[in-house]
Structure formats: C-alpha cells, structure tokens
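Chain and residue survey
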Amino acid sequence: MEEFVYRNSNNGCAYYVRGSWLLSKDEHAASARDFGRALSLGYDTSRLRNRLGIYFAEIGDPAAALEHLRKYSDIEPESTQALLNISEIYLHEEMFDQAERIANRALEVAENTLSDARKNSSRSAKDNDKEALKSAEQKFARVTRQADVIKSAIMIGRGNKAEADELFHKDPALPAGEYEPHEYRCWANAFLGDTQAALDDCDRANAFNPIEASSYRAHALFRIGNYAAAMDSIDKDLNRMPDSGLYHFQRGLILSALGKRAEAQIEYEYARNLGYKFRLTTWIREAFAVVPPRTSDPSGPSR
C-alpha cells in the first residue's frame, strides 16, 4: 500500500484508497489525514465527504462535520443518508428546528424517488423498472424509520415524551439483516427510559456492526447505573478512536457518576484539548436526572 501511494503521490485517489484501507483497520486519525490529503489534491467525492463528516462528528467537532456533510449533500442532492446524518448532528446540538427540517427533507426526497419509481413501473413491464420500484420502496421504509426516530428524539428534547413514544413505536417491525434501525431504536429507547429495550436493540445492532453499536450501548448502560459495563464500552471506543473528544467526555461523565471527580476532570481536559465542541445535550442531563451519581464503585475501571 505504501509503495502504491508513493508511486501515485500526486493522485488524490491514491490517498483515498489508503485512507479507506486504514479505516478498515480502525486507524481513524490516520485515515482522516489521508482523506484530507486526497481532498487537497482535488479528489472530492460524496463518499469521501461522508467519511470525513462522520469522523469529525465522532471526535466532537460538529462544525467540521456539517461542512463535509453539506458538501456531500451538494454532490448528491438526492442522498437521503447525507440529509439524515446532517439532521443527527443538529439533533445532538439541540438545534431541533433545523434537525426536524432536514429530517423532513430526507423524507420528501425518498417519497419523490418512490413516486417516480411507481410511475415508471406502471408504464413499463421491464424487470429493471420493477427492481427500481422495489429498491425505492425499501429506501422509503428505511428513511421513514430513521426520520421517525430522529423526530421522536426531537420531541423528547422539547419535552413531549408521550408523542415521542407514540411516533417511535408506530412501526416496530425491523428487517433482520439491518443494524442501523436497531441502532436508532437503541438510542431512542434509552431516551424514552426503556433501557432493557435499548439494550436488546443494541445487542441486535452489535450482531451486525459491533463498532457502531458500542457507544449506544454505553449510553443505555449508563442510564441504568451499570457504570462498569458502560465504562467497558467507552474504553473499547477509545481504543478504536483515542483522539475522540466525544468519547473522553463520555468517559468523564461515567467517572463523575462514580464519584471520581478528579479523574473525570482529566477526561474533560482531554476532551477540550482534542477540540470537543458538542453541548451538554438533553440525553446527558436526563441521564443524570434518572441515574443519581454514586459515591463509589470499586468495579469502575481506571485507565
């Protein structure tokens, strides 16, 4: 791989290829550097922008994340995933009006795609048109689920838990082979206070994508006071992404709940030094309201 990049050092695609390879090995900081180099050499694609957006969201820099995800959306205006990713960042920043507007835009794009596919299918008996319709129906169902969960979290942020619960549970059926809806459900169930349901969905998500599910599981475990297990999940995240201010901040929250204030302050300082910029969001405030801090817990690991 190094020789390939050396021979193509002025080709942005080469850095993108190596960055993708590094990402597959969980070398997130190194992969982000290569993606940035690819961008500086003029290799600007939707997939590259998406990966950079997700990276900056994970390390706790929402402004940079939004910049890249908006570019992703500019390159692919019909990408519902770009819109949903943007909506999530607004949600975490408690910018609920913006989050809701973008989630609704994703639904509108998916609905338009489905409408066009239905028109084409009704006019034609071609297999390609039938397959396009099936794909559009699946996409619309997936986007609807994701948007509904985001909007249910927005309702919770606005204090409308009953409405959120109704919206979230309106379509409980989920495809067996998709981790992402389970990941969203884990998150929303933890918001709604149904921690066992959250853990069940985290376990289902974990079966398909252990990396993406771990921090959601830590959130749910934190809410029920299982700080040792929550710490274990966060430590796995930090082993994967040691430069994530977000994960250091979450680790500090767990240490605070364990009564380890001095250690928590060290984690918060790590987070600040790494550029962590997210607000103290609604779910964190609720977590402290639901789970009273313990004065000690010998099972809580230190690093």
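In this report, we go over the structure that sits alongside the text. Source: prediction; values computed, not measured. (Residues numbered from 1 in each chain as written. Predicted model: local features only at pLDDT ≥ 70, side-chain atom pairs only at ≥ 80, totals over all residues. Heavy atoms only, no water.)

This next bit is on the overall build of the chain. Each helix and strand in the chain was counted, giving 16 helices and 0 strands. Per-residue burial over the chain gives 51% buried out of 303 residues. Taking all contacts inside the chain whose residues are at least 6 apart in sequence as the whole, residues at least 24 apart take part in 58%. Surface exposure of the chain reaches about 14,500 Å², of which carbon and sulfur atoms provide 49%. (Helix = DSSP H or I, 4+ residues; strand = E, 2+ residues; numbered from the N terminus. Buried < 20%, exposed > 50% of the residue type's maximum accessible area, 1.4 Å probe, protein only. Contact = heavy atoms within 4.5 Å. Areas by Shrake-Rupley, 256 points an atom, 1.4 Å probe, with all protein chains shown as cover.)

With that out of the way, let us pick up helix 3 (residues 28-40). Taking 1.5 Å as the rise per residue, helix 3 with 13 residues should run 18 Å; its terminal C-alpha atoms sit 18 Å apart, in good agreement. Listed as buried for helix 3 are His28, Ala30, Ser31, Ala32, Asp34, Phe35 and Ala38. Once helix 3 finishes, Gly42 follows within two positions and takes phi at roughly 90°, a positive value. (Expected span 1.5 Å × (residues − 1).)

The next thing to look at is the nonpolar core. Ranked by internal contacts, the top residues of the largest apolar core, which has 29 residues, are Phe222, Tyr227, Phe249 and Ile254. For this core, the secondary structure elements donating two or more residues are helix 4 (46-59), helix 11 (195-208), helix 12 (210-223), helix 13 (227-240), helix 14 (245-257) and helix 15 (261-273). When residues of this core are assigned to their parent elements, the largest contribution, 7 residues, is made by helix 14. Ile102, Ala106, Leu107 and Val143 belong to the second-largest nonpolar core, a separate cluster that totals 25 residues. (Core = buried A, V, L, I, M, F, W, Y, C linked by side-chain atoms within 4.5 Å.)

Taken by themselves, the reported measurements are silent on function.
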